[in-house]
Amino acid sequence: MKKSLLGLAVIMCFSCSAQKQAVSSGHGEPVVRIASGMLRGLKEGNVDVFRGIPYAAPPVGEFRWRPPQPVASWEGVRDAKEFGPICAQAGFGAGQGAISQGSSEDCLYLNVWRPSGARPGAGLPVMVWIHGGAFVGGSGNTSGNGFATKGVILVSFNYRLGRLGHFAFPALSAEHPEEPKGSYAFMDQIAALKWVQQNIQAFGGDPGNVTIFGFSAGGVSIHSLMTIPSARGLFRKAIGHSSGGRDGVLTGRPISKENASQYYPVSAETIGINFARKHGIEGTDAAALARLRALKVEEIVDGGQENDGQGGPRIYSGPILDGKFVVESCSDAYNAGRQARVPLMIGNNSAEIGGPFVNASTSKEELFSMFGELKEEAKAAYDPDGTKDFAEIQTMFNTDKVWAEPARFAAQSVVKNGNPACIFLFSYVPAGMKERMRFGPGHGTDISFVFDNLRVPEGGSADPLDKEVARIMNGYWVNFAKTGNPNGEGLPNWPLYNPETNVILDVQPDGNPVAKPDPRKARLDVIEKAVNGGDKIQPNGI
């Protein structure tokens, strides 16, 4: 990233001596001094919690579609007991012309959980959580108590979503040519990581031992941070949950005859023009950009629609390859070994999403035909006896295509470049979900187990097996954050991934974690051949 106002946020920090002047009010509410001022949090048992901390200026007005700007310092002690607003999104039931309740364009806030009373210089490991939501929804307003009680500082944050997080337009490309363009969500994520580097010591954390981890779109973000040059050095370990690994980005450059075959049939700038036209804004100059910035946030979110509402022109881009900030796709970076040289833990659930999520096939024959010359090999891998239901095969295919095979691809690249990797498969279905999850745990099922914050029915108690699986999963993640190795006392051994032996950790349907050769190998092999062979099955994002 070139020097910008964001870079000044790192320079304008307190001296080391001032940074260490964290303050505690005895057994009452914890108070901490960070670079921008004093914060007062609250105690939850043996955990100190600080919520709603601004890590960048509000991205509104002239700062809409600009890199995150420095936070303004404050006088006195700022209350940090309540979550900040989540980033503007349509949400369920918000309807056209509205945004989800509690969401706002002013949303660049983060949260910190630490062991109660942790002091500067404690050198505690830090985990930074990146939420999912397809880059159009979700928030980091979660609970980190399950990590903080084990001696790990947990940081979560919100980042810009939808067209506020990923947007390109010709006048934007020309404006402030020294600034990065396009994927403002990733710029927010990097700003949050820079905040951690600057401030986490005040909470007792070690800025040299930061693990990033994320789910779904947050997992895709992990791969992007592994491959965006300006994110280098901001973390030491990475974990991807249902994160893929072959995820593409849309080119921010206008399509020409010379580059059309390399990217998508439409450029991110063209999508921006489509969106402007939907709102009656013609032209691509500074005046058009001013009108775009004058739109209400509800009009920008636009009901979360990806097209004009009539099935016509596309109006939402998702992550953008601008050539300067996001310089290449994750696939290209992993293939060339240009990703960050850090340990990687990666995996997914065994039955992520069913239905026509990846393809619109309506029968086994139609689905297997997508494999072209590999059709018979695909049949043998997915339905060797010809007895499986189409719904189960489609669920397995969706899961393998979008999540499992790309995760293996990323792990192989990491190992090839001399860094350790571990692969997990989460096959355990929670006690209360067995009827609904016929083929295995769906998208996001593993997250509450990793955070060790299971939902308990009112007036009831957590299922004992659920609690044991949560203890094991949280234990692996805590160990990895502390040492780079998930193994530790009271946990079954989880070996490093070796492409030759292909051993992964399978948290089996009975909840027992077992290290064994990947049972999906034949399926993932035929997916890999189809992707690399240029058949109808192509690399895709989430």
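Up top you'll find the structure we're talking about.
Residues numbered from 1 in each chain as written. Predicted model: local features only at pLDDT ≥ 70, side-chain atom pairs only at ≥ 80, totals over all residues. Heavy atoms only, no water.

Peer 1: Would you mind going over the nonpolar core in detail, with residue names and values included?
Peer 2: In summary, soluble globular proteins display a tendency toward joint burial of nonpolar side chains. Membership of the largest hydrophobic core comes to 91 residues, with the highest contact counts inside it found for Ile 53, Tyr 55, Phe 203 and Phe 235. A total of 10 residues in this core trace back to one element, the largest contributor, which is helix H6 (residues 184–199). Those residues in contact with Phe 203, other than ones at most four positions away along the chain, are Val 32, Ile 34, Leu 39, Phe 50, Ile 53, Val 112, Arg 114, Ala 118, Ile 153 and Trp 195. Residues Met 127, Trp 477, Val 478 and Leu 491 belong to the second largest nonpolar core, which totals 37 residues. (Core = buried A, V, L, I, M, F, W, Y, C linked by side-chain atoms within 4.5 Å. Buried < 20%, exposed > 50% of the residue type's maximum accessible area, 1.4 Å probe, protein only. Helix = DSSP H or I, 4+ residues; strand = E, 2+ residues; numbered from the N terminus. Contact = heavy atoms within 4.5 Å.)

Peer 1: Describe the sheet that holds strand S5 (residues 47–54), with residues and values.
Peer 2: Whether parallel or antiparallel, the strands of a sheet pair through hydrogen bonds between backbone atoms. Taken in spatial order, the 11 strands line up as S4-S5-S9-S11-S10-S12-S13-S16-S17-S18-S19 in an open sheet, and their pairing is mixed. With one partner strand each, in any of the chains shown, strand S4 (42–44) and strand S19 (513–517) form the two edges of the open sheet. Across this sheet, the average inter-strand angle for adjacent strands is 25°, counted without regard to direction. Pairing of S5 with strand S9 (residues 109–115) involves 6 bridges; the strand directions are antiparallel. Directly across from Ile 53, in S9, lies its bridge partner Leu 110. The sheet contacts of helix H7 (residues 217–227) involve strand S10 (124–130), strand S12 (205–215), strand S13 (237–241) and strand S16 (344–349), and relative to S12 the element is tilted by about 130°. (Pairing = 2+ DSSP bridges. Axes fitted to C-alpha atoms, helices over the stretch in contact; angles between N-to-C directions.)

Peer 1: Summarise the packing of aromatic side chains; cite the residues concerned and give the values.
Peer 2: Summed over the entire model, instances satisfying the criterion amount to 24 aromatic pairs. Relative to Phe 157, the ring of Tyr 55 has its centre 6.0 Å away and its plane inclined at 75°; by these criteria the two rings are edge-to-face. Linking Tyr 55 in the loop between S5 and strand S6 (77–79) with Phe 157 in strand S11 (residues 153–157), this pair joins segments that are 102 residues apart in sequence. A single burial state applies to Tyr 55 and to Phe 157, both of which are buried. (Phe/Tyr/Trp six-rings, centres within 6.5 Å; stacked < 30°, edge-to-face > 60°.)

Read these as layout, nothing more, since geometry by itself doesn't imply function.
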